[in-house]
Amino acid sequence: MNKPLSANETQTPIADGIECGPVGERAAVVEPDSTLLRHDWQREEVGALFALSFNDLLFRAQSMHRAYFDPNEVQVSTLLSIKTGACPEDCAYCPQSTRFDTGLSVEALMEVNQVLDQARAARRSGATRFCMGAAWRSPKDRDLPALTAMIEGVKGLGLETCMTLGMLSDTQAQTLAEAGLDYYNHNLDTSPEYYGDIITTRTYADRLETLEHVRDAGMKVCSGGIVGMGEDAGDRVGLLQQLANLPEHPESVPINMLVRVPGTPLAEASDLDPFEFVRTIAVARILMPRSHVRLSAGREDMNDQTQALAFLAGANSIFYGEKLLTTANPEANTDLALFARLGINPEEREVLDEPSSDPRFYNAMNL
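Below you will find a few notes about this structure. (Residues numbered from 1 in each chain as written. Predicted model: local features only at pLDDT ≥ 70, side-chain atom pairs only at ≥ 80, totals over all residues. Heavy atoms only, no water.)

### Details of the pattern of salt bridges
(1) Moving on: On inspection of all chains with the given rule, the structure shows 14 salt bridges.
(2) Moving on: For arginine 38, the salt bridge goes to aspartate 40, with nearest N and O atoms at 2.9 Å.
(3) Moving on: The class for arginine 38 is buried, based on a relative accessible area of 16%.
(4) Moving on: Classification of aspartate 40 as partly exposed rests on a relative accessible area of 44%.
(5) Moving on: Between glutamate 89 and arginine 202 there is a salt bridge whose closest N-O contact spans 2.7 Å. Of this pair, glutamate 89 sits in the loop between strand S3 (73–83) and helix H4 (112–124) while arginine 202 sits in the loop between helix H7 (192–198) and helix H8 (204–216), placing them 113 residues apart in sequence.
(6) Moving on: The network of salt bridges with shared partners includes Arg38, Asp40 and Glu45. (Salt bridge = Lys/Arg side-chain N within 4 Å of Asp/Glu carboxyl O. Buried < 20%, exposed > 50% of the residue type's maximum accessible area, 1.4 Å probe, protein only. Helix = DSSP H or I, 4+ residues; strand = E, 2+ residues; numbered from the N terminus.)

Pasting the structure below:
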């Protein structure tokens, strides 16, 4: 007999509309009532989800996941650093800051044709979204023509486009949107309360303002955070509460595990319990059921079992390739092997046909 729900649990319903067919057949996915989407989560409610037993939390998250997505498909993105290092910000986790000696080589903004070559290689390897990241506090207006040319070129290949360039003004956001940019990534990183321990060169309000500019320009939002930075459990609650209570949920929610880079202030941070990481994925799935929840940075240090639990908890997007900006990522063939073992397929997107004799996966940093 099923255990009755607690008072807190009744406030966060499991999505309905899940039909199970015979063994071996894919479960039918029927979208539930859109009124289940909430933007008024209270801290106590989010904390109650984190406090559920692990099995109950994963069951709940997987149930919600199946109501909105095919549980055996994962969206595949590739991330390229189009401008590396020399960032004036002091983000304690980031090797690209000028304030930390991490031995990183500084590289200027790439040429448009170089970026498009990398996008073609990513597409051949199965990516459906191409993300371009530049280590800036915010882009200069003089850089916008090159950036818009990159967007238009990648779109022309049939790939979704995403950029992360730091803070944007309203006019800059509008320019990128008019060029066809699909997604803009700007993470909140952590809770408002812990934020000042990680970054002092821009405020939480600055980040929220950029997200507002992105929405107003008509682009989709990619925004998440990083765990394992020395925050406490309440900060993980606070981060997800902030994301879930945005006026619209981010279409993409990357959950990053800290990659500890020598020379950064967080180089000696303690390991986060992998189960706590999976809990964060699961709660994100419950709070933001329509969003793609991305298993992002830190996968290099995760074993297959942790990644499998993350997919079970509702992660349905990954970065695919050998590098994430300046840190390692599992190689593409390793990802495909894990997908095969788990019965997972890359989410499909119709792209233009372009024959190629080069089937190799590219090195996102070209190093």
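### Describing the packing of helix H10 (residues 274–287) against helix H11 (residues 304–312)
(1) Moving on: As a packed pair, H10 and H11 sit with axes 8 Å apart at the nearest point and diverge in direction by 20 degrees. As the angle between them shows, H10 and H11 are arranged roughly parallel. The chirality of how H10 crosses H11 is right-handed. Within the contact between the two elements, H10 uses Pro274, Phe275, Val278 and Ile281 and H11 uses Thr306, Leu309 and Ala310. (Axes fitted to C-alpha atoms, helices over the stretch in contact; angles between N-to-C directions. Parallel < 35°, antiparallel > 145°, perpendicular 65-115°, else oblique. Left-handed = near helix turned anticlockwise from the far one by under 90°. Contact = heavy atoms within 4.5 Å.)

### Digging into the environment of phenylalanine 69
(1) Moving on: With respect to the element layout, phenylalanine 69 can be found in the loop between helix H3 (54–68) and S3.
(2) Moving on: Judged by its relative accessible area of 11%, phenylalanine 69 falls in the buried class.

### As for H3
(1) Moving on: Here H3 spans 22 Å end to end across 15 residues, near enough to the 21 Å set by a 1.5 Å rise per residue.
(2) Moving on: Summarising burial for H3: 11 of the 15 residues are buried, a large majority. (Expected span 1.5 Å × (residues − 1).)

### A closer look at helix H9 (residues 233–244)
(1) Moving on: Compared with the 16 Å implied by 1.5 Å per residue over 12 residues, the 17 Å span of H9 between its first and last C-alpha is a close match.
(2) Moving on: Burial runs high along H9: 9 of the 12 residues are buried.
(3) Moving on: Along H9, the residues that are buried comprise Asp235, Arg236, Val237, Gly238, Leu239, Leu240, Gln241, Leu243 and Ala244.
(4) Moving on: Contact partners of the buried residues in H9: helix H2 (43–51), H7, strand S8 (225–227), strand S9 (252–257) and H10.
(5) Moving on: The opening residue of H9, the one whose side-chain oxygen lies 3.0 Å from the backbone nitrogen of glycine 234, is aspartate 232. (Polar contact = N/O pair within 3.5 Å; in protein donor to acceptor, adjacent residues only side chain to side chain.)

### Some thoughts on the pairing of S9
(1) Moving on: Of all 6 residues making up S9, 6 are buried, and the element is well covered by its neighbours.
(2) Moving on: Across the two faces of S9 the burial is the same, with Ser252, Pro254 and Asn256 and Val253, Ile255 and Met257 all buried.
(3) Moving on: Relative to S9, S8 runs parallel, the two being bridged by 3 bridges. In the strand pairing of S9, valine 227 is matched with methionine 257.
(4) Moving on: Handedness of the β-α-β unit built from S8, H9 and S9 comes out right-handed.
(5) Moving on: What joins S9 to strand S10 (residues 292–295) is H10, and the crossover it makes is right-handed. (Pairing = 2+ DSSP bridges. Right-handed = clockwise from strand over helix to strand, strands pointing away.)

### Quick word on the state of the cysteines
(1) Moving on: Inspection of every chain in the model, using the stated rule, returns 0 disulfides.
(2) Moving on: Here cysteine 91 is not disulfide-linked; the sulfur of cysteine 94 is the nearest cysteine sulfur, at 6.0 Å.
(3) Moving on: Unpaired in this structure, cysteine 222 has its nearest cysteine sulfur neighbour in cysteine 162, at a distance of 5.0 Å.
(4) Moving on: The exposure class of cysteine 222 is buried, given its relative accessible area of 2%. (Disulfide = S-S within 2.5 Å.)

### Concerning the packing of aromatic side chains
(1) Moving on: Under the definition given, this model contains 3 aromatic pairs.
(2) Moving on: When the centroid spacing of 6.1 Å and the interplanar angle of 75 degrees are considered together, the rings of phenylalanine 311 and phenylalanine 339 count as edge-to-face. Taken together, the positions of phenylalanine 311 in helix H11 and phenylalanine 339 in helix H12 (residues 332–342) put the pair 28 residues apart, joining distant regions of the chain. In terms of burial, phenylalanine 311 and phenylalanine 339 fall into one category: buried.
(3) Moving on: Over the face of the ring belonging to tryptophan 41 we find arginine 38, whose NZ or CZ atom lies 4.1 Å from the ring centre.
(4) Moving on: Here the basic side chain of arginine 129 rests over the ring of tyrosine 183, its NZ or CZ set 3.8 Å away from the ring centre. (Phe/Tyr/Trp six-rings, centres within 6.5 Å; stacked < 30°, edge-to-face > 60°. Lys NZ or Arg CZ within 6 Å of the ring centre and 35° of its normal.)

### Quick look at the environment of leucine 342
(1) Moving on: Tracing the chain through its elements places leucine 342 in helix H12.
(2) Moving on: Judged by relative accessible area, leucine 342 falls into the partly exposed class, the value being 33%.
(3) Moving on: When the C-alpha atoms of leucine 342 and alanine 308 are compared, they prove to be 7.5 Å apart, with 34 residues separating the residues in sequence.
(4) Moving on: When neighbours within four sequence positions are excluded, leucine 342 is seen to be in contact with Ala308 and Phe311.

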